[in-house]
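# Architecture at a glance
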Amino acid sequence: MTLMNSAQWIDVMNEKDLLQGTGKKVVYKGNEIAVFKAMNGDVFAMENKCPHKGWGIVDGMISGKHVYCPMHDRKINMDSGLVEKPDTGCVQTFQTEVSNGKIRIAFPIT
Ligand code: FES
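Residues numbered from 1 in each chain as written. Predicted model: local features only at pLDDT ≥ 70, side-chain atom pairs only at ≥ 80, totals over all residues.

Let us look at the nonpolar core. Generally speaking, soluble globular proteins have nonpolar side chains that are buried together. Counting residues in hydrophobic clusters, the biggest one holds 21 residues, and the most contacted among them are Ala-34, Val-35, Ala-45, Met-46, Ile-57 and Ile-76. The set of elements that each furnish at least two residues to this core consists of strand 3 (31-37), strand 4 (43-47) and strand 9 (102-108). Excluding its chain neighbours within four sequence positions, the residues that come into contact with Ala-34 are Gly-23, Lys-25, Met-46, Asn-48, Ile-57 and Val-58. (Core = buried A, V, L, I, M, F, W, Y, C linked by C-beta atoms within 7 Å. Buried ≥ 20, exposed ≤ 12 C-beta atoms within 10 Å, placed from the backbone. Helix = DSSP H or I, 4+ residues; strand = E, 2+ residues; numbered from the N terminus. Contact = placed C-beta atoms within 7 Å.)

In structure tokens:
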């Protein structure tokens, strides 16, 4: 997702509470967000909804910058949100940062 004019940075969890290679779900304004930490420590956030059939992706297997949907194995780039070929689709992503031990997500102001 491209940030439009402005965003609101929200603390969503302690960085130490998200283990490498795992994801956790948070809810913001009624929307489920999947927060992932890759094995190299990079943190990603995206809508917790696979573009294929809408299942949650938070429990998917992480490999590099990708998460595999646990339902039918679509490979989703956690940075861009794009589903890798030959499949198609895109998941909304959000900018993240780690600051003072907290994972923060930039949610667009609507
Ligand atoms: S619901 Fe994710 S691949 Fe089918």
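Considering the arrangement of structural elements, one finds Asp-59 in the loop between strand 4 and strand 5 (61-63). The exposure class of Asp-59 is partly exposed, given the 16 C-beta atoms found within 10 Å. The spacing of Asp-59 and Thr-22 is 37 residues in sequence and 7.4 Å in space, taken between C-alpha atoms. In this structure, Asp-59 is in contact with Gly-23 and Pro-70, ignoring residues within four places of it in sequence.

With that out of the way, let us pick up the sheet that holds strand 2 (residues 22-28). The strand order 1-9-8-4-3-2 describes an open sheet built from six strands, whose pairing is antiparallel. Each edge of the sheet is formed by a strand with only one pairing partner; in this case those strands are strand 1 (7-14) and strand 2. Averaged over all pairs of adjacent strands, the angle between strand axes in this sheet comes to 30 degrees, irrespective of strand direction. Here strand 1 pairs with strand 9 via seven bridges, running antiparallel. The partner of Met-13 across the bridge, within strand 9, is Ile-103. (Pairing = 2+ DSSP bridges. Axes fitted to C-alpha atoms, helices over the stretch in contact; angles between N-to-C directions.)

Let us look at the sheet that holds strand 5. Reading across from one edge, 5-6-7 is the order of the three strands in this open sheet, with antiparallel pairing throughout. The open sheet has two edge strands with one neighbour each: strand 5 and strand 7 (75-77). For this sheet, the mean angle separating the axes of adjacent strands, direction not counted, is 30 degrees.

For the rest of this paragraph, the subject is the environment of Val-91. Following the sequence through the fold, Val-91 ends up in the loop between strand 7 and strand 8 (93-99). Given 23 C-beta atoms within 10 Å, Val-91 falls into the buried group. Separated by 13 residues in the primary sequence, Val-91 and Met-78 have C-alpha atoms spaced 8.6 Å apart. Other than its neighbours up to four places away in sequence, Val-91 contacts Met-46, Glu-47, Lys-49, Pro-51, Ile-76 and Gly-81.

Nothing here speaks to function; it is all geometry.
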